[in-house]
Amino acid sequence: MDIIEGLDPLSIIAKEEEDKKQQILLLQKQEEQQQQEKRRNDSKTKHKELEEEEKKLESLTKLHLHQNAGNITNSGDTLELKQHMRNKWMNHFCVINFDLEIGQILDYSFPNATLKDEESTNLCFLSFPDSNSHLQGDIIYSFKLKQTLSNGSTTFQYGYVFFRQEKDASISRGYLQKSVVLLSDESFVGLFKKVIEIVGPLYFDHGNTLLEVAYQNILSWPELKLGQTYELPILGYILTFHVPHTRGTPHIIDPSIKQHTFSTPWTEMKLVSNLKSIDLHNCFKGFTSKLWMLWEMVLLGQPILVISQTPPMCSDSVLALVSLISPLRYCGDYRPYFTIHDTDFHKYTSLQSNNQIPTSIIGVTNPFFLKAFGHWPNILTVGNASSRLGSFKKIRSSLPNIMSRDLLSKHVLDNKEKLVSDYKPFTVPDKNVLKKISETVDDTVNNELLRTHFLQLTHTFLIPLERYFSSLMPLAKTISIFQRPPRLKSFDKEEFINRISESDEKLIVDSKSKEIEMYKLFLDSVNFKQWLDDKRAEAIKHLNILYRKAILEADILSLLKSKNSSSTATDLYKRIEDQLILEENLFQTSDEIKQKFKSHLLIIKEYLAVNKTTPSP
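About the criteria used
- Note that residues are indexed from 1 along each chain, following the sequence as it is written.
- pLDDT decides what is reported in this predicted model: residues at 70 or higher carry local features, side-chain atom pairs at 80 or more are listed and counted, and totals for whole chains, interfaces and linings draw on all residues regardless.
- Excluding hydrogens and water, the side-chain figures rest on all heavy atoms present in the structure.
- Numbering of helices and strands starts at the N terminus; helices are DSSP runs of H or I of at least 4 residues and strands are runs of E of at least 2.
- We call a residue buried when its accessible area falls under 20% of the maximum for its residue type, exposed when it is over 50%, and partly exposed in between, using a 1.4 Å probe and counting protein chains only.
- Aromatic contacts are taken between Phe, Tyr and Trp rings whose centres are within 6.5 Å, Trp giving its six-membered ring; a plane angle under 30 degrees counts as stacked, one over 60 as edge-to-face, and the others as tilted.
- For a lysine, the NZ atom is tested; for an arginine, the CZ atom; a charge sits over a ring if that atom is within 6 Å of the ring centre and within 35 degrees of the ring normal.
- In short, DSSP must find at least two bridges between two strands for them to pair.
- Where helices are involved, their axes are fitted lines through C-alpha atoms of the stretch in contact, as for all axes, and angles between N-to-C directions lie from 0 to 180°.
- Salt-bridge detection follows one rule: a side-chain nitrogen of Lys or Arg within 4 Å of a carboxyl oxygen of Asp or Glu.
- pLDDT is a per-residue confidence score from the predictor, ranging from 0 to 100.
- Should any heavy atoms of two residues lie within 4.5 Å, those residues are considered in contact.
- Working rule for angles: under 35 degrees goes down as roughly parallel, over 145 as roughly antiparallel, 65 to 115 as roughly perpendicular, anything else as oblique.
- Each residue gets one label: Ala, Val, Leu, Ile, Met, Phe, Trp, Tyr, Cys and Pro are nonpolar, Asp, Glu, Lys and Arg are charged, and the others, such as Gly, are polar.

1. Quick word on the environment of glutamine 309
Moving on, step 1. Examined against the element boundaries, glutamine 309 turns out to sit in the loop between strand 9 (304-307) and helix 8 (311-323).
Moving on, step 2. A relative accessible area of 4% means that glutamine 309 is categorised as buried.
Moving on, step 3. Taking C-alpha positions, glutamine 309 is 8.5 Å from valine 382, a pair spaced 73 residues apart along the chain.

Put into structure tokens, the structure is as follows:
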């Protein structure tokens, strides 16, 4: 019997097996090609990213080199500088857990945080409420973490906390207590409280991986520049945020927020709290009429102890006080949330007399501070009992708010907001502002009303100081390219007081003698010192700009002919050469301007050559 090819069952099976093998090989080949293509694309993308990073690094390194002559000398320094540049918006995410035997511990950090033992301990205690044994829910607040650098100087990181406590039968003590903390060098309170509000709940759903994803999101944000507005993506949300023009003061403005139109694994959560970072009206709703007195105390550098039952109310109130004198920078030591475990606790308790206590605003929740800091001249109790008890809530759910009423002494839980102080204010509350607030139920409107009023009040207070400082400035016509920019006159406090004494103008106090006394106190404050330093730096910069403009616009040849002096020409050559070095190394000067300086130098060289003189190197 003949077997027809293709009909034999064994042949058919063999052929099918061969076809399958060919298909598998073909698929494998296609997959390898796709992977190679992906690797090439990834390599190109990575190469492009590296090129961009290297350009940024080169620019930053140049600036660093010229500001710190030769500090970057090896690859380790360069890598450290690069890492600092990349992490400019934030430093770390940290997870603080409660261990039944040890207490608060740093459970996880990304990137890995290298902290000294005392800094790690302080971080752990700042990340938990001081008194929280009977509460349930979530809270969000901020703090400052002090760090000591290798050269002995101190600096601060800013911490933004999402704390959760809820019943958990699987834990021996019956409660889960854990915090997620964002650490940053920037005091962008509005921005980072919103970020931690997004990240915190999602962490409890997805774990540590979520923090790594969030960190990568933030790492992709544009380079941080002052005065710029950014759209910042974070876990499926877009935060529109305007960076302030200066550093040093807490930036309390909230970003606007919207969700991506496309779906991501993280966008199931809806933000329910709509936290207003710092609401001046709500922080001091119970005693609005005392705000004028508080404004004076902050302005003049009076030490203030702020006590409340919860870290959110405590930290917000401290930041609200600091912002009360805006646009003036508060230059004392302010701690939105402070515990007895802080390394500075003993420093403050050892200062027994009022005149020893430095300019500071300290926020606390532990009633022990009423004894330890009982000698402080000004103690502010914020939030009545009901508002303090309501500070804890479960974000994305509605767990009951429970808090023991015996946590704070009667000084705090007598349901009264109070300011205990011997300070005698110079100003009086504005009756028109108080009347408008009493007639308005909209908290947002009242907050804006208070913000605008105290902003104008601070501006008005600064008017005589601004006028006097302007008189210290040399006239623009005195600027000559043959001389360095003229120096500012010194600020003479006695002369300033005499000037305002001679004027009949009363700006913020009805009594002229009281207003003068208020200015005298301000002149002795750290806030004045910083204001004067800032004004001098601004003025020197302005004078240098005028000097630079005079050089650029000068008719060098005509000036040299009018002077007809080789020594003057040589001196001018050195001055322009020095300015060119500054332009090339410290300023982002265009090639066109630098070329103008070089052409001036060439003209002077030719002039000196004709006069048989060579400028010294």
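2. Examining the packing of aromatic side chains
Moving on, step 1. Per the stated rule, a full pass over the model turns up 35 aromatic pairs.
Moving on, step 2. Centre to centre, the rings of phenylalanine 128 and phenylalanine 163 are 5.1 Å apart; their planes meet at 65°, and the pair counts as edge-to-face. One end of the pair, phenylalanine 128, is in the loop between helix 3 (117-126) and strand 3 (137-148); the other, phenylalanine 163, is in strand 4 (residues 154-167), and 35 residues separate them in sequence. Judged on exposure class, the residue phenylalanine 128 and its partner phenylalanine 163 are both buried.
Moving on, step 3. Note that arginine 164 overlies the ring of phenylalanine 204, its terminal NZ or CZ placed 4.6 Å from the centroid.
Moving on, step 4. Positioned above the aromatic ring of tyrosine 348, the side-chain terminus of lysine 347 is 4.7 Å from the ring centre.

3. Some points on the pairing of strand 3
Moving on, step 1. Among the 12 residues that make up strand 3, 11 are buried, leaving the element largely enclosed by the rest of the structure.
Moving on, step 2. Examined bridge by bridge, strand 3 and strand 4 share 12 bridges and lie antiparallel to one another. Directly across from glutamine 147, in strand 4, lies its bridge partner threonine 155.
Moving on, step 3. Between the antiparallel neighbours strand 3 and strand 4 lie 5 residues, among them glycine 152 with a positive phi of about 95°.

4. Comments concerning unusual backbone geometry
Moving on, step 1. The omega torsion across phenylalanine 110 and proline 111 is -15°, close enough to zero to call that bond cis.
Moving on, step 2. Looking at the secondary structure, you find proline 111 in the loop between strand 2 (103-110) and helix 3.
Moving on, step 3. With an omega of 10°, the peptide bond running from serine 326 to proline 327 counts as cis.
Moving on, step 4. Structurally, proline 327 can be placed in the loop between helix 8 and strand 10 (333-335).

5. What to know about the sheet that holds strand 3
Moving on, step 1. The 5 strands lie next to each other as 2-1-5-4-3, forming an open sheet whose pairing is antiparallel. Every interior strand has two partners, whereas the edge strands, strand 2 and strand 3, have only one. When the angles between neighbouring strand axes are averaged without regard to direction, this sheet yields 25°.

6. Thoughts on the pattern of salt bridges
Moving on, step 1. This structure, assessed with the given rule, holds 18 salt bridges.
Moving on, step 2. A salt bridge links aspartate 344 to arginine 335; the shortest N-O distance between them is 2.5 Å.
Moving on, step 3. On the basis of relative accessibility, which here comes to 6%, the residue aspartate 344 falls in the buried class.
Moving on, step 4. Between aspartate 571 and arginine 575 there is a salt bridge, with the nearest N and O atoms lying 3.1 Å from each other. Pair noted here: aspartate 571 and arginine 575 are both in helix 18 (residues 566-585), with a separation of 4 residues, about one helical turn.
Moving on, step 5. Assessed through its relative accessible area of 19%, arginine 575 is described here as buried.
Moving on, step 6. Salt bridges sharing partners connect three or more residues here, namely Lys146, Asp333, Arg335, Asp342 and Asp344.

7. Here's the deal with the sheet that holds strand 12 (residues 378-381)
Sheets are built from strands that pair by backbone hydrogen bonding, the pairs being arranged parallel or antiparallel.
Moving on, step 1. Strands sit in the order 10-11-9-12-13 across an open sheet of 5 strands; the sheet is mixed. At either margin of the open sheet sits one strand with a lone partner, and together these are strand 10 and strand 13 (418-421). Strand after strand, the sheet turns through a mean of 15° between neighbouring axes, direction not considered.
Moving on, step 2. Pairing of strand 9 with strand 11 (residues 360-364), which is carried by 4 bridges, proceeds in the parallel orientation.

8. Topic: the confidence of the model for the chain
As a general rule, the predicted coordinates of low-pLDDT regions are not to be interpreted in detail.
Moving on, step 1. With 76% of its residues at a pLDDT of at least 70, the chain reaches an overall mean of 79.
Moving on, step 2. Within the chain, no element has a lower average pLDDT than helix 2 (residues 75-86), which sits at 39, and none a higher one than helix 7 (residues 291-299), at 97.
Moving on, step 3. Confidence drops under a pLDDT of 50 for residues 53-87, and excluding neighbours within four residues, the segment shows 32 contacts in the predicted structure.
Moving on, step 4. Note on residues 261-276: pLDDT under 50 across the span, and 36 contacts to partners over four residues away in sequence or across chains.

9. Considerations on the packing of helix 13 (residues 443-472) against helix 15 (residues 512-523)
Moving on, step 1. Running from N to C, helix 13 and helix 15 point in directions that differ by 75°, and their axes come no closer than 12 Å. Considering their axes alone, helix 13 and helix 15 lie roughly perpendicular with respect to each other. Residue-level inspection shows Thr460, Phe461, Pro464 and Leu465 of helix 13 in contact with helix 15, the latter providing Met518, Tyr519, Phe522 and Leu523.
Moving on, step 2. Across the contact of helix 13 with helix 15, the residue classes tally to 7 nonpolar, 1 polar and no charged.

10. Let's talk about the environment of arginine 487
Moving on, step 1. Turning to its location among the elements, arginine 487 is positioned in the loop between helix 13 and helix 14 (493-502).
Moving on, step 2. Accessibility expressed as a relative area gives 78% for arginine 487, which makes it exposed.
Moving on, step 3. Considering only alpha carbons, one finds arginine 487 and alanine 539, 52 residues apart in sequence, at a separation of 9.8 Å.

11. Considering the side chain of arginine 335
Moving on, step 1. Note that arginine 335 resides in strand 10.
Moving on, step 2. Of the residues examined, arginine 335 reaches a relative accessible area of 1% and is grouped as buried.
Moving on, step 3. Not counting residues within four places of it along the chain, the set of residues in contact with arginine 335 comprises Lys146, Phe156, Val318, Asp342, Asp344, Ile361, Ile362 and Gly363.

12. Section: helix 3
Moving on, step 1. Every buried residue of helix 3 is listed here: Glu119, Ser120, Asn122, Leu123, Cys124 and Leu126.
Moving on, step 2. Buried-residue contacts for helix 3 involve strand 1 (92-99), strand 2, strand 3, strand 4 and strand 5 (175-184).

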